[in-house]
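Architecture at a glance
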Amino acid sequence: MNEKGFFNKLKIYLIFAGPTTFAFFAVIIIPFIFGIYLTFTDWNGLSSTYSFVKIANYISILYDSAFWTSFLLTLKYVFYTVVIVNVMAFTLGYFLTSGIKGENFLRAGFFIPNLIAGIVLGLIWRFIFSRVLVYLGQNVNLGIFSTSWLGNPDKAFWTLVIVSVWQYSGYMMLIYIAGFMNVPKSVLEAATIDGASSFQKVKSIIAPLMIPSFIISIFLTLQRAFLVYDVNLALTNGDPFKSTELLSLHIYRKAFLAQDYAIGQSQAFFFFLIVAGITFTQVYFSKKLEVEQ
């Protein structure tokens with residue numbers, strides 16, 4: 001490529017993609033790099049001065065019991081959410097591509113919760129768990145709902161899982177529906193002629209051909225579950241007694257409410273590395289399975 005051709009392509013790029021590139025660097029890349037820089041300081045988020053503390057903030061993470069409690073709770077939440085969401089989404093996708101009446105209506109109905117903002121969703125379900133279900137439990141003699149789950153440290157955790165499953169399943173369902181529709185019908189018809197049951201077709205034909213759908217859905221569910229904040233804030237606010245304080249909420253409180261911004265930023269970056277490692281590992285082994293299939 002000659003020099004003139006290079007500058008012509010650069011000019012075209014700057015005209016069409018220049019503003020987007022500038023916004024990307026200004027809003028994401030530069031703040032991200034500056035945030036990493038602040039993890040080596042003692043800045044409290046308000047002071048105009050700060051000093052370098054090297055890796056002291058990262059060392060403090062190792063001895064922060066509240067951080068590790070929230071981290072382990074987050075892992076528990078992620079595990080149940082990822083498993084249940086993908087099982088639900090796969091099941092819904094299977095039935096909504098089987099030719100039942102009202103498929104399009106049902107697809108739209110299951111997808112709608114994903115369109116509701118997390119804060120609004122949390123407030124709606126907070127009302128349901130604290131008022132509606134308690135009213136039903138007391139008037140219909142359902143002991144499990146006689147008191148609000150949000151006030152019970154053991155049950156409050158499951159409210160987060162239930163709401164997240166309700167919110168994410170419809171979105172992941174669409175991904176699985178796309179996967180089901182790409183399965184060759186001729187292969188399924190041949191399996192039916194050979195006498196294969198529905199379970200055998202799902203296990204031996206459909207599931208292997210839908211590995212790409214599994215990869216995308218599990219990746220997205222992992223990412224959303226690890227970074228959940230708005231639902232956690234609106235639904236439980238970490239209560240009772242911080243028994244539902246997931247890591248994103250913990251980091252926010254550490255950085256902005258406790259005014260330990262540098263430590264909170266260190267925890268956020270440490271959390272980012274863990275999430276990135278887990279998601280890339282999941283994608284790597286899933287892609288490897290796809291190639292083997």
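Our structure is the block above this text.
Residues numbered from 1 in each chain as written. Predicted model: local features only at pLDDT ≥ 70, side-chain atom pairs only at ≥ 80, totals over all residues. Heavy atoms only, no water.

Further remarks concern the packing of helix H4 (residues 65–95) against helix H10 (residues 211–226). Axis separation between H4 and H10 bottoms out at 9 Å; the angle between their running directions is 145°. Judged by the twist between their axes, the crossing of H4 over H10 is right-handed. Contacts between H4 and H10 involve Thr74, Leu75, Tyr77, Val78, Thr81, Val82, Val85, Asn86 and Phe90 from the first element and Phe214, Ser217, Ile218, Thr221, Leu222, Ala225 and Phe226 from the second. Of the residues assigned to the contact of H4 with H10, the class counts are 11 nonpolar, five polar and no charged. (Axes fitted to C-alpha atoms, helices over the stretch in contact; angles between N-to-C directions. Helix = DSSP H or I, 4+ residues; strand = E, 2+ residues; numbered from the N terminus. Left-handed = near helix turned anticlockwise from the far one by under 90°. Contact = heavy atoms within 4.5 Å. Nonpolar A, V, L, I, M, F, W, Y, C, P; charged D, E, K, R; others polar.)

Here the focus is helix H2 (residues 18–38). In this model H2 runs 28 Å from its N-terminal to its C-terminal C-alpha over 21 residues, within 8% of the 30 Å that 1.5 Å per residue would give. Of all the bends found along H2, the most pronounced is centred on phenylalanine 25 and spans about 40°. Within H2, burial applies to Gly18, Gly35 and Leu38. (Expected span 1.5 Å × (residues − 1). Bend = angle between axes of the 7 residues up to and from the residue. Buried < 20%, exposed > 50% of the residue type's maximum accessible area, 1.4 Å probe, protein only.)

This part is about unusual backbone geometry. Residues aspartate 239 and proline 240 are joined by a peptide bond in cis, for which omega reads -5°. Counting through the fold element by element, proline 240 comes out in the loop between helix H11 (230–235) and helix H12 (247–257). Of note, asparagine 141 is a non-glycine position whose phi angle comes to about 60°, a positive value. Mapped onto the elements, asparagine 141 comes out in the loop between helix H6 (118–139) and helix H7 (153–181). By relative accessible area, which is 69% here, asparagine 141 ends up exposed. Even without being glycine, glutamine 259 reaches a positive phi, approximately 55°. Here glutamine 259 is to be found in the loop between H12 and helix H13 (261–292).

Distances and angles like these do not, on their own, reveal function.
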